[in-house]
Amino acid sequence: LHIQLKALVIHYEVEASILGEGGGHMLGDRKEGQKIVRLKSLSPSTDVGALAKKVVDECKLISPSHLPQVEQLLYYLQNRKSFPGEGKVEKKEKKTVKPRELTPFEGMELNEEASITRVDEYVELLYEDIPEKIRGSALILQLARNPDNLEELLNNEAALGALARVLREDWKQSVELATIIIYIFFCFSSFSQFHGVVSHYKIGALCMSVVEHELKKHDIWLEDLHKKSKSAPENGSLRKDQGKALRKYQGLLAKQEQLLRVSLYLLLNLAEDTRTELKMRNKNIVTLLVKVLERDDEELLVLVVSFLKKLSIFLENKNDMAEMDTVERLARLVPCDHEDLLNLTLRLLLNLSFDSGLRAKMVEVGLLPKLSALLGDENNRQVAMRILYHISIDDRYKGMFVYTDCIPQLMQMVFENGEEEIEPELISICINLAANIRNAQLMCEGNGLKMLMKRALKMKDCLLMKMIRNISQHDGLTKPLFIDYVGDLAAEIRADEEEEWVLECLGTLANLTLPDLDWELVLREYNLVPYLKDRLKPGSAEDDLILEVVIMIGTVSIDDACAAMLAKSGIIPALIELLNAKQEDDEFVCQIVYVFYQMVFHQATRDVIIKDTPQATHHTQNSVFKKNSRDRFLSNFFTRFFISQEYDEEWGRKIQSEKFRFHNNQWLEMVESRQADDAEVYFYDNDRTDLFYSTGTHKNLEKLTCITDEHIFLTDLFCRDSNDFFDQTSSSPGRPATAYGFRPDEQPFYQYS
């Protein structure tokens, strides 16, 4: 008995001998074989004795002496309660997830039962007219759908050669014939070991031609329908013709989609080999597949989206999809009633969403609210969330989430986790969205911030605290809500805590630039000054934490009493030492200069900055001439203090002179870089440039400085770079924005309009 099927298994042995001239045995060989006899007609009411006799009579491999044994096996088979895997064939090799198995179609089913022993008879029919060719190929297909027959068909080169020839010559004449023959080779393509046979007869290339031709035919059909529909309202008879044409089109479309389905399925099987897939790509397989996305047949769409998903992992294929407006065609499938199609579409969109240009297209075609709605679908939540995460990376689209129901759903999912670890996708998208002020306000509605803080402090969840840190950077309604949690955050800043956790808590505190907050009390109550001073030493911690300490000092230095306490603790020399060590790091220089800028406004710390630590003013003056416009702009604020407040006349005059030299040197470099053939008239030739450099023109330089310094001062104020490097959300007007959370715009791999 067959272990799965309703069938008998016959084991036999073939012996072949070569005899000499005298009839003697010269050479011999033995070969074992196996044959399966299917018993489809066997049912509980079948006469087992009659069926056993019929099996023995028709199968020449069974001796009549085995009739009792056959009858006994049939009796057992008749009473077996279930037939595991009946009607199914277990594939010999596990393959990637594919669409549902192909189903029979009209014109393929025949009344007569095919037999593997009559293959040669069926091949003879392939040399007749089209109807006979259809009949012969359909009978061979019956055999090919049984994997047990594939090896025997494979050995029949005449049959496969005839099928390939008929397909190559007659596929344009009959859609049914082409479908059946391609279906036969599809059965071979389901197993990797038979791919060489399919490639040998060049069936893959032929299928590409079939698909391309059928798509062109479809365009012609649509054009004819459009013409008839245009003229139909004018005449009743034309309306009747238009109805007939529509019905004819629908009939042709059903047959064509069956042909497309079996052809693309065969190509998908062959694409397991990346070399074969590359050949398909060179023949524009992506273009053909994207065109098929316009169809409505769900099973065909499942196959096409599966194929595109497999192709999308390669850059060149992804670029082809971008050119073909694939995202627009996929948008109509989200959402849809077909569960498999929806899931595959989302996974394809996920692959495409790694490209910034395609993410922009997804937002443009209105996928954002559709994806947000899918967060409530258990089966598709994870994939939808990952696509939304990619969209949330771009600052341009963060604000659009406010107009969807995404944020309330995300917050609910965060709170429903209880004490379990929050999923990476969920917390990641929350961190990104919290960087937008409108999203942050929505997150804090009701008891949102209270619940977030409670969970973060209890679980010491660094990622959740990172989300809170992003919320804390915004002015308006959200920042004052953090006053109740200043003590809780300050208590977490300890040397025995993990650096990552301290970094997020410290960063959240540093964002709280609130005028009514008594920072001196906070620092004293939680003894934070020693911790801040120790962390200013180069190498005492990771650079991110040291930088956050500097930012924290800049925040608390707004408070006069707090700035004095920090100055007395020796933090300013520690900052100078750190500045010397990090002078090539623009971010450190900018934040340290900002601390000095804050402290010079307090009488208690001014002398410490100017007289006791002259290195601070020296470094700040040098920062004026840095190429980094953010450092230069901040240093201008610092140095203007000497000019406008007339704190030190010598420093003011020196800075004015150096600024003038710097700006005029830039102007001279621009003039000297002009091409020799430039027709523009110069006000100064090369012989006059010594005016700005020679030692004999100090008096002229001083006069020019007095005249033009105000112009330079106003230029710095009103003609800055268009990129604002200062945090507009901070309540402190000059607070520089940090690099925290900054992500440069991702360059798409392929530019397209």
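Rules used in this analysis
Residues numbered from 1 in each chain as written. Predicted model: local features only at pLDDT ≥ 70, side-chain atom pairs only at ≥ 80, totals over all residues. Heavy atoms only, no water. Phe/Tyr/Trp six-rings, centres within 6.5 Å; stacked < 30°, edge-to-face > 60°. Helix = DSSP H or I, 4+ residues; strand = E, 2+ residues; numbered from the N terminus. Buried < 20%, exposed > 50% of the residue type's maximum accessible area, 1.4 Å probe, protein only. Axes fitted to C-alpha atoms, helices over the stretch in contact; angles between N-to-C directions. Left-handed = near helix turned anticlockwise from the far one by under 90°. Contact = heavy atoms within 4.5 Å. Nonpolar A, V, L, I, M, F, W, Y, C, P; charged D, E, K, R; others polar. Expected span 1.5 Å × (residues − 1). Polar contact = N/O pair within 3.5 Å; in protein donor to acceptor, adjacent residues only side chain to side chain. Patch = residues over 30% accessible without salt bridge, like charges linked within 9 Å, V, L, I, M, F, W, Y side chains within 5 Å. Areas by Shrake-Rupley, 256 points an atom, 1.4 Å probe, with all protein chains shown as cover. Salt bridge = Lys/Arg side-chain N within 4 Å of Asp/Glu carboxyl O. Lys, Arg positive; Asp, Glu negative; His and termini not counted. Charge placed at Lys NZ, Arg CZ, Asp CG, Glu CD. pLDDT = per-residue confidence, 0-100.

Under an unreviewed UniProt entry, the name given to the chain is Kinesin-associated protein 3-like, and the source organism is Mastacembelus armatus.

Novice: In this structure, what is going on with the packing of aromatic side chains? I would like to understand it.
Specialist: To describe a pair of aromatic rings, you give the distance between the ring centres and the angle between the ring planes. Scanning the model with the defined rule gives six aromatic pairs in all. Taking the centre distance of 6.3 Å and the plane angle of 50° together, the rings of F185 and Y201 count as tilted. Residue F185 is found in helix α7 (residues 175–189), and its partner Y201 is found in the loop between α8 (195–200) and α9 (203–231); the two are separated by 16 residues along the sequence. One exposure class covers both F185 and Y201, and it is buried.

Novice: I would appreciate a short explanation of the packing of helix α24 (residues 448–459) against helix α25 (residues 462–472) in the present structure.
Specialist: Each pair of packed helices gets described by two things: the angle between the helix axes and the distance between those axes. Closest axis-to-axis distance for the α24/α25 pair is 9 Å, and the angle between their directions is 140°. The hand of the α24/α25 crossing is left-handed. The residues of α25 that touch α24, namely those facing L449, L452, M453, R455, A456 and L457, are L464, M465, M467, I468 and I471. Across the contact of α24 with α25, the residue classes tally to ten nonpolar, no polar and one charged.

Novice: I would appreciate a short explanation of unusual backbone geometry in the present structure.
Specialist: Trans peptide bonds make up most of the peptide bonds, and negative phi angles are found at most residues other than glycine. Residues V334 and P335 are joined by a peptide bond in cis, for which omega reads -5°. Structurally, P335 is set in the loop between α15 (326–331) and α16 (339–352). Here the phi dihedral of K460 falls at roughly 50°; this positive angle occurs in a residue that is not glycine. Turning to its location among the elements, K460 is positioned in the loop between α24 and α25.

Novice: Would you take a moment to explain the environment of L77 for this structure?
Specialist: Along the chain, the position of L77 falls in helix α2 (residues 67–79). Assessed through its relative accessible area of 0%, L77 is described here as buried. The sequence separation of L77 and L42 amounts to 35 residues, and the corresponding C-alpha distance is 8.5 Å.

Novice: Can you help me understand helix α33 (residues 586–599) in this one?
Specialist: Every α-helical turn comprises 3.6 residues, leaving residues that sit three or four positions apart pointing alike. Taking 1.5 Å as the rise per residue, α33 with 14 residues should run 20 Å; its terminal C-alpha atoms sit 20 Å apart, in good agreement. Of all 14 residues in α33, 13 are buried, a share of seventy percent or more. Structurally, the start of α33 carries an N-cap: the backbone nitrogen of E587 is 3.0 Å from a side-chain oxygen of D585.

Novice: Hey, could you run me through a positive patch on the surface in this one?
Specialist: Side chains of R168, K202, K279 and K283 sit close together on the surface and give a patch of like positive charge. Following the sequence through the fold, K283 ends up in the loop between α11 (274–282) and α12 (285–292). Of the residues examined, K283 reaches a relative accessible area of 47% and is grouped as partly exposed.

Novice: How should I be thinking about the confidence of the model for the chain in this particular structure?
Specialist: Low pLDDT means the predicted coordinates in that region are not meant to be read closely. Here the chain averages 80 in pLDDT, while 77% of its residues score no lower than 70. Predicted confidence is poor over residues 741–753, with pLDDT under 50, and the contacts of this stretch with residues over four places away or in other chains come to 22 contacts.

Novice: What is the right way to look at the environment of D273 in this model?
Specialist: As for its placement among the helices and strands, D273 is situated in the loop between α10 (236–270) and α11. Separated by 81 residues in sequence, D273 and S192 have C-alpha atoms that sit 9.3 Å apart.

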